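Fold and contact review
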Amino acid sequence: FGGRERVSELDGMLADLRAGGVKLYVCTKGLVGVVQHILGAVGLRQHFAAVYGNVGSIYGQSPYDATLGPPSPEEARLLGGPASADWVSKDALVGRLRGELGLTERGEACLVEDDPEEIQRAEAVCRPLFVEPSAVGMR
């Protein structure tokens, strides 16, 4: 995340957005559990209404994974469930969330994204913001 100072800046920015009534969500092609764990570890998870991504063994299961028992309640909460994986594409999820939140104008929602193809698909449902990957995260 770029160190303590950057995390503190992110925390303040996300808190300001929430104080202004903005609902924040994460949508990732990664695993929900990893994202929730990392956001929690740096103290940013509380800013997001939900994390959408992949759950379960979508990326396969290692021999080590097979030796583990069922997750604890805390682990199960972090890993997410069917609702966390209930999306097909980021643009469709943004469109669905706009409907659930009663946002009727395209400009009332924003997708912050580093994939130009995702940006292009989202043009119809929101105001996408392209960020370029950098050595320390996103610029």
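Now for a description of the structure that goes with this document.

Now for the overall build of the chain. Within the chain, the secondary structure is distributed over six helices and six strands. When its helices and strands are written in sequence order, the chain yields α-β-α-β-α-α-α-β-α-β-β-β. Judged by the C-alpha coordinates and their principal axes, the chain covers about 50 × 35 × 30 Å. Within the chain, buried positions represent 29% of all 139 residues. If you take every contact in the chain between residues at least 6 apart in sequence, the share linking residues at least 24 apart comes to 54%. Where the 14 positive side-chain charges of the chain centre and where its 19 negative ones centre are 2 Å apart.

Okay, the pattern of salt bridges next. Taken as a whole, this structure holds eight salt bridges when the rule is applied. Of the charged contacts in the structure, one is a salt bridge between Lys-90 and Glu-113, with a shortest N-O distance of 2.8 Å. Here Lys-90, found in helix H5 (residues 90–101), pairs with Glu-113, found in strand S3 (residues 110–113); they are 23 residues apart in sequence, far enough to count as distant. Given the relative accessible area of 7%, Lys-90 is considered buried. Glu-113 sits in the buried class, given a relative accessible area of 5%. For Glu-118, the salt bridge goes to Arg-121, with nearest N and O atoms at 3.3 Å. Taken together, the residues Glu-118 and Arg-121, both in helix H6 (residues 116–122) and three residues apart, mark about one turn of the helix. Looking at Glu-118, the relative accessible area reads 4%, which means it is buried.

The next thing to look at is the nonpolar core. Ranked by size, the top nonpolar core spans 11 residues in total: Val-7, Leu-10, Leu-14, Leu-24, Val-26, Val-32, Val-35, Leu-39, Leu-44, Phe-48 and Val-51. Taken together, the elements giving at least two residues each to this core come down to helix H1 (4–19) and helix H2 (32–41). Leaving out residues up to four positions away in the same chain, Val-32 has contacts with Val-51, Tyr-52, Gly-53, Asn-54, Val-55, Leu-78, Leu-79, Gly-80 and Ser-84.

With that settled, consider the environment of Asp-65. Within the fold, Asp-65 resides in helix H3 (residues 63–67). In this structure the C-alpha to C-alpha distance between Asp-65 and Arg-45, which are 20 residues apart in sequence, comes to 25 Å. Reaching out from Asp-65, the side chain makes a polar contact with the backbone nitrogen of Ser-62 at a distance of 2.9 Å.

For H5, which comprises 12 residues, the first-to-last C-alpha distance of 16 Å matches the rise-based estimate of 16 Å (1.5 Å per residue) to within 8%. Burial in H5 covers these residues: Lys-90, Asp-91, Leu-93, Val-94, Leu-97 and Arg-98. In a view along the axis of H5, the buried residues occupy a sector of 160 degrees, so they form one face of it. H5 presents Gly-99 and Glu-100 as exposed residues on the side facing more than 90 degrees away from its buried surface. Elements in contact with the buried residues of H5: strand S1 (25–31), strand S2 (50–54), S3 and H6.

The rules behind these values
- Residues numbered from 1 in each chain as written.
- Predicted model: local features only at pLDDT ≥ 70, side-chain atom pairs only at ≥ 80, totals over all residues.
- Heavy atoms only, no water.
- Helix = DSSP H or I, 4+ residues; strand = E, 2+ residues; numbered from the N terminus.
- Buried < 20%, exposed > 50% of the residue type's maximum accessible area, 1.4 Å probe, protein only.
- Contact = heavy atoms within 4.5 Å.
- Lys, Arg positive; Asp, Glu negative; His and termini not counted.
- Charge placed at Lys NZ, Arg CZ, Asp CG, Glu CD.
- Salt bridge = Lys/Arg side-chain N within 4 Å of Asp/Glu carboxyl O.
- Core = buried A, V, L, I, M, F, W, Y, C linked by side-chain atoms within 4.5 Å.
- Polar contact = N/O pair within 3.5 Å; in protein donor to acceptor, adjacent residues only side chain to side chain.
- Expected span 1.5 Å × (residues − 1).
- Arc of directions from axis to C-beta.

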